[in-house]
Amino acid sequence: GESVGLHLPTLSVQEGDNSIINCAYSNSASDYFIWYKQESGKGPQFIIDIRSNMDKRQGQRVTVLLNKTVKHLSLQIAATQPGDSAVYFCAGDGSSNTGKLIFGQGTTLQVKP
Amino acid sequence: DAEITQSPRHKITETGRQVTLACHQTWNHNNMFWYRQDLGHGLRLIHYSYGVQDTNKGEVSDGYSVSRSNTEDLPLTLESAASSQTSVYFCASSEGRLAAQETQYFGPGTRLLVL
């Protein structure tokens, strides 16, 4: 079946450094991808999205890169702060056209002071 | 501000009891979803709805039911709670104007413990 997966379950970075969280997907026809942030005890929070007709999209301190050739997307967080510590999920629509999303299992980002 | 809320936030129940978890959104979204989140499994879809009177089964629907009598609410019912249903439950919604390419917005979650 279709899948969306993250490469590393845990990522530890120093405060102030840049963080890169990676995600791979299986369906080359996927059109839409979202990154979510989930803090302890809270629901997933939308960070940024990207459509398949784009390679890159930037937000405030975050950038998502999409490489359709190798079916890979990444979330880059600039100048990582302690408040960025959370679990990060990627999700894709799997080209299902149903409004449903397929979620990866999450990478835990730990920011060291 | 528009939002999505869940209640209760925490629930302890006994095996065999019927439990209903509430989800309410004020965005006037057409699509609503219920997920459970467990260690090692990520978010798994239980049921979803595209609008009033519409409900659909997700990948882990056994033992759960939903009903959609209005746009704002999608209550999740555990017909006869089992210990395997101990989990964190999240409700989400999306606009539904386009079937695809839509962000889902999540509620704060309900922690359910079945003893």
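Novice: How should the pattern of salt bridges be read in this particular structure?
Specialist: Where side chains of opposite charge bring their charged atoms close, a pairing between them can arise. All names here are of chain A. Per the stated rule, a full pass over the model turns up eight salt bridges over all chains. Of the charged contacts in the structure, one is a salt bridge between Arg57 and Asp49, with a shortest N-O distance of 2.2 Å. Taking the relative accessible area as the measure of exposure, Arg57 reaches 34% and is therefore partly exposed. Residue classification places Asp49 among the buried positions, given a relative accessible area of 9%. The salt bridge involving Lys68 is made with Asp55; its shortest N-O contact spans 3.1 Å. Of the two residues, Lys68 sits in the loop between β7 (62-67) and β8 (72-77) while Asp55 sits in the loop between β5 (45-51) and β6 (56-58), which places them 13 residues apart along the sequence. Judged by its relative accessible area of 35%, Lys68 is partly exposed.

Novice: Mind showing me how you'd approach the sheet that holds strand β1 (residues 4-7) of chain B here?
Specialist: By definition, the strands of a sheet pair up through backbone hydrogen bonds, in either a parallel or an antiparallel sense. All names here are of chain B. One open sheet accounts for four strands, arranged β1-β3-β8-β7; its pairing is antiparallel. Edge strands, defined here as strands with exactly one partner in the open sheet, are β1 and β7 (64-66). On average, adjacent strands in this sheet sit at an angle of 20° to one another, irrespective of strand direction. With four bridges connecting them, β1 and strand β3 (residues 19-25) associate as antiparallel partners. Bridge pairing links Ser7 to Ala22 in β3.

What counts, and at which threshold
Residues numbered from 1 in each chain as written. Chains lettered and ligands numbered in written order. Predicted model: local features only at pLDDT ≥ 70, side-chain atom pairs only at ≥ 80, totals over all residues. Heavy atoms only, no water. Salt bridge = Lys/Arg side-chain N within 4 Å of Asp/Glu carboxyl O. Buried < 20%, exposed > 50% of the residue type's maximum accessible area, 1.4 Å probe, protein only. Helix = DSSP H or I, 4+ residues; strand = E, 2+ residues; numbered from the N terminus. Pairing = 2+ DSSP bridges. Axes fitted to C-alpha atoms, helices over the stretch in contact; angles between N-to-C directions.

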